[in-house]
Amino acid sequence: MSDTQIEWEKLTPEEKKKQLFLKQKQTLDTFLSRNAISQVQYDKSLGDLIEKMGMQDVFNG
């Protein structure tokens, strides 16, 4: 088992959920920076992601 896997296993379910959210947000950020999606698409997708993952209190921007 890799160190990364061991660290992942130590996270609580809520911490795992937050990490997954941040990874998805990073993907959206990359798409936007490479003009793969528009700002409107980014805003909609990020809003949907925040809502569906229940991250309103975690994400302030």
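Residues numbered from 1 in each chain as written. Predicted model: local features only at pLDDT ≥ 70, side-chain atom pairs only at ≥ 80, totals over all residues. Heavy atoms only, no water.

**Student:** Is there a simple way to think about helix α3 (residues 39-53) in this case?
**Tutor:** Owing to its 3.6 residues per turn, the α-helix brings residues three or four apart onto one side. Over its 15 residues, α3 extends 21 Å from the first C-alpha to the last, a length consistent with the 21 Å expected when each residue adds 1.5 Å. Considered for burial, the residues of α3 that qualify are Tyr42, Leu46, Leu49, Ile50 and Met53. One face of α3 carries all of its buried residues, which in axial projection span an arc of 95°. Exposed side chains of α3 directed beyond 90 degrees from the buried face belong to Val40, Lys44, Glu51 and Lys52. Buried-residue contacts for α3 involve α2 (13-33). (Helix = DSSP H or I, 4+ residues; strand = E, 2+ residues; numbered from the N terminus. Expected span 1.5 Å × (residues − 1). Buried < 20%, exposed > 50% of the residue type's maximum accessible area, 1.4 Å probe, protein only. Arc of directions from axis to C-beta. Contact = heavy atoms within 4.5 Å.)

**Student:** Would you explain the environment of leucine 28 in this entry?
**Tutor:** Turning to its location among the elements, leucine 28 is positioned in helix α2. The sequence separation of leucine 28 and threonine 12 amounts to 16 residues, and the corresponding C-alpha distance is 25 Å. Not counting residues within four places of it along the chain, the set of residues in contact with leucine 28 comprises Ile37, Tyr42, Ser45, Leu46 and Leu49.

**Student:** So what exactly am I meant to see when it comes to the packing of α2 against α3 here?
**Tutor:** Between α2 and α3, the least distance of the axes is 10 Å, while the angle of their chain directions is 175°. With respect to α3, the element α2 is oriented roughly antiparallel. Facing Lys17, Leu20, Phe21, Gln24, Lys25, Leu28, Asp29 and Leu32 of α2, the residues of α3 in contact are Gln39, Tyr42, Ser45, Leu46, Leu49, Ile50 and Met53. Class assignment of the residues belonging to the contact of α2 with α3 gives a composition of nine nonpolar, three polar and three charged. (Axes fitted to C-alpha atoms, helices over the stretch in contact; angles between N-to-C directions. Parallel < 35°, antiparallel > 145°, perpendicular 65-115°, else oblique. Nonpolar A, V, L, I, M, F, W, Y, C, P; charged D, E, K, R; others polar.)

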